Each structure stands twice: as C-alpha cells, then as structure tokens.
Amino acid sequence: MQARDILSLTPAGLYCPLADVHIDPLRPVPRALITHGHSDHARAGHGAVLATAQTLAIMAARYGEGFCGTAQAVRYGEAVTLGPVRVTFLPAGHVLGSAQILIEANGLRIVISGDYKRVGDPTCAPFEPVRCDVFITEATFGLPVFRHPDAVGEIDKLLHSLTLFPERAHLLGAYPLGKAQRLIALLRQRGYDRPVYLHGAMERLMQLYGELGIALGDLRKVEPGSRESLGGAVVLCPPGALQDLWARRFPDPVAAFASGWMRVRARARQRGVELPLVVSDHAGWDELCATIRETGAGEVWVTHGEEEALVHWCTREGLAARPLNMLGYGDDEAEAEAVAESSA
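Residues numbered from 1 in each chain as written. Predicted model: local features only at pLDDT ≥ 70, side-chain atom pairs only at ≥ 80, totals over all residues. Heavy atoms only, no water.

## Looking at the sheet that holds strand S17 (residues 275–277)
- Pairing within the open sheet is parallel, and its six strands lie in the order S14-S13-S15-S12-S16-S17. Pairing within the sheet leaves two strands with one partner each, and these edge strands are strand S14 (219–221) and S17. Within the sheet, the average angular offset between the axes of one strand and its neighbour, ignoring direction, is 25 degrees.
- Looking at chain direction, strand S13 (residues 196–198) and S14 are connected through three bridges and run parallel. Within the sheet, the bridge partner assigned to Val196 lies in S14 and is Leu219.
- Here helix H5 (residues 200–211) sits on the sheet in contact with S13, S14 and strand S15 (234–237), set at roughly 115 degrees to S13. (Pairing = 2+ DSSP bridges. Helix = DSSP H or I, 4+ residues; strand = E, 2+ residues; numbered from the N terminus. Axes fitted to C-alpha atoms, helices over the stretch in contact; angles between N-to-C directions. Contact = heavy atoms within 4.5 Å.)

This is the structure:
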C-alpha cells in the first residue's frame, strides 16, 4: 500500500478512505479532522469534528456552539483509532491549539502539517518535528526571499516609533486569531505594560484567549468617541481597518502592519503602511527546508503557497515531491479582511 492509497485529494480536500475522514475540508463532510481554527481550515457544518480542545473552542466562538453535529477533543500526543487508522495530533506552533496530524496505517506514517512556524510563540505550544515517511507541508512563504527576521527586533521597531512619536496613535494591523495575541504577548515580554486598545473585531477572540489561560494584560475596546484621545497608544485592528474611515479619527495615526508579507515592500506601499513589521506565523524558507529534513520523509507533498519552488528544492535533495495545487487555503489574510467591517 502506498501513501496515495491512504490519502487522496478530493474536491472537499484531503481524504482518508480507510477512516472515512477528511482533513481541513473545504465543504461540509460527515467526519473531519481540523488542524487549527483559521477559517480557511476550520469551517462549520461538518457532521463530526475531531480537534484539540482549543481549536474546538475557537470554532464555537466564531460559528456558534452548533458549528458541527458532534465534537471530540483530543490532547496532543493522544492516539485515536479510526477503523484501521491511528490518528495523533501534535503541536504545530501556528496559533493556539494548532496541530499537525499524524496518520498511521499499514506501516506508513504520514504527517499533515497544517500551517506551522518554528520560532517561539508565548501564546501557543511549540512545533514538534515528527519522523514520518510522507510529509505534507504548507508553503505560504515557500520562496528563498522569505527569511523572517527575529520577531523581537520587529517589536522593538514599534516601541522605538512610540518613543519617537509619543503624540501619534499607532494602529497595528494584525490577523485577529493568533497574530494579534502573539504581538501583545511579545510587547508584554519587552516591558510594555500600558493598555492595548482593540478594534471591535478583535474583542471576542482576545476574551477567549484569556478564558483559555493566555494572559495578555490590560486590554480595552476602542469606544465610540474615544479615538481622538488615544495619542501614543497601541491599537490592534484587522489589516483592512487601516484604510477604513475608522482609522482616520485617531490623532495623526501611524499605520503599522505585522505580517510575513511585509518583507515585500511593494505590499507595504500598496497598503499605505508606514511601519511594516515582518512578523509571520508561518514558516519561512529556511524553516520549511529544515523541517522537511528533520522529518526524515522520503516523500513530500506541498499544499498551498509557493508550491513549485519547494517541490524543486525537494527534488534537488533527492526526495520524491509533488504539488497538491489545493485551492481555498490562504495565509489568513482573507479572513482578516472579512472581519475588518465589524463594528469598532
């Protein structure tokens, strides 16, 4: 039996026929394994969902308690048997509750990475390399140009700007799930103990992180009529809000955006970003290559992102590799834009 007999690509996404289960399906299915709570991977309407407790809580917060027929929480490292298949969830380091999924069947070990990063993050469990025969990796930043700098240094750029321009509000665009919480935690680690203000679209998930044990300090919603008084404050908002009318009422706002895409300066200019911060929740090129080596996999499948470049690198390394050309997955930017219209 080969890997393609255990996992196949269907219109709904990756499917394991031996267990009759989909992984991060794009449409409602009878049974689903979910790697993490971003909306391009975690959709509502499935019959049964297996995921970490944190991912299930995130899905309930976003879609309502009835987001699926039945939900089963699984701990990291806990093996679950689905027919002739054994499934294990292991930390992915992407966001709170994110997991890689190890599928074992007929002597083969296949790891589906979901989205992942290799650098430390105080808001989620760190990535754990898993030895396997087949590794299915994302490639959001799968080009050599994407070598992410130290996130602490990027946070220091924000703190330096606050020192230089104490009268200006600093509007920090960030994805509402994972990135926003990580930025606040990094600010706290660097000694920033002032209140952090939140666009209304950020409030629900910030509250959930607190309920799940992630302390982020003094957080305050931006109330109507208060924007003019927030000179010198840090205000977290979805990236799309930076160009919204909502942003114009702050005192001389500094538009900042934290994303791996800020490595591409043209993107920063197109968005009108004055202070680009290269902070990514996805693995950069070096991390992608190192991870593939660490898994020991002889075969690599590459999902969304810059697939061809990483497939080419794998081939040069003597590995069997192929792109999956899966549509419907992104780097969470689309979901961030979708919530930008939420009330402040």
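## Describing the environment of Thr315
- One can find Thr315 in helix H8 (residues 307–316).
- Classification of Thr315 by relative accessible area gives partly exposed; the value is 48%.
- In this structure, the C-alpha to C-alpha distance between Thr315 and Met206, residues 109 residues apart in sequence, is 42 Å. (Buried < 20%, exposed > 50% of the residue type's maximum accessible area, 1.4 Å probe, protein only.)

## Some points on the sheet that holds strand S3 (residues 21–23)
- Strands sit in the order S1-S2-S3-S4-S5-S6 across an open sheet of six strands; the sheet is mixed. The strands lining the two open edges of the sheet, one partner per strand, are strand S1 (8–10) and strand S6 (68–73). Going across the sheet, the axis of each strand differs from the next one's by a mean of 30 degrees, ignoring polarity.
- Here S3 runs beside strand S4 (residues 31–33); their pairing, made up of two bridges, is parallel.

## As for helix H3 (residues 151–164)
- If you check H3, its first and last C-alpha atoms are 20 Å apart, about what 14 residues at 1.5 Å a residue would give, namely 20 Å.
- Those residues of H3 that fall on the buried side of the exposure criterion are Ala151, Glu154, Ile155, Leu158, Leu159, Ser161 and Leu162. Within H3, the buried residues cover an arc of 155 degrees as seen down the axis, which keeps them to one side.
- In this structure, the buried residues of H3 make contact with strand S12 (170–173), helix H4 (179–189), S15, strand S16 (254–258) and S17.
- For H3, the side-chain oxygen to backbone nitrogen distance between the N-cap and Val152 is 3.2 Å, and the N-cap itself is Asp150. (Expected span 1.5 Å × (residues − 1). Arc of directions from axis to C-beta. Polar contact = N/O pair within 3.5 Å; in protein donor to acceptor, adjacent residues only side chain to side chain.)

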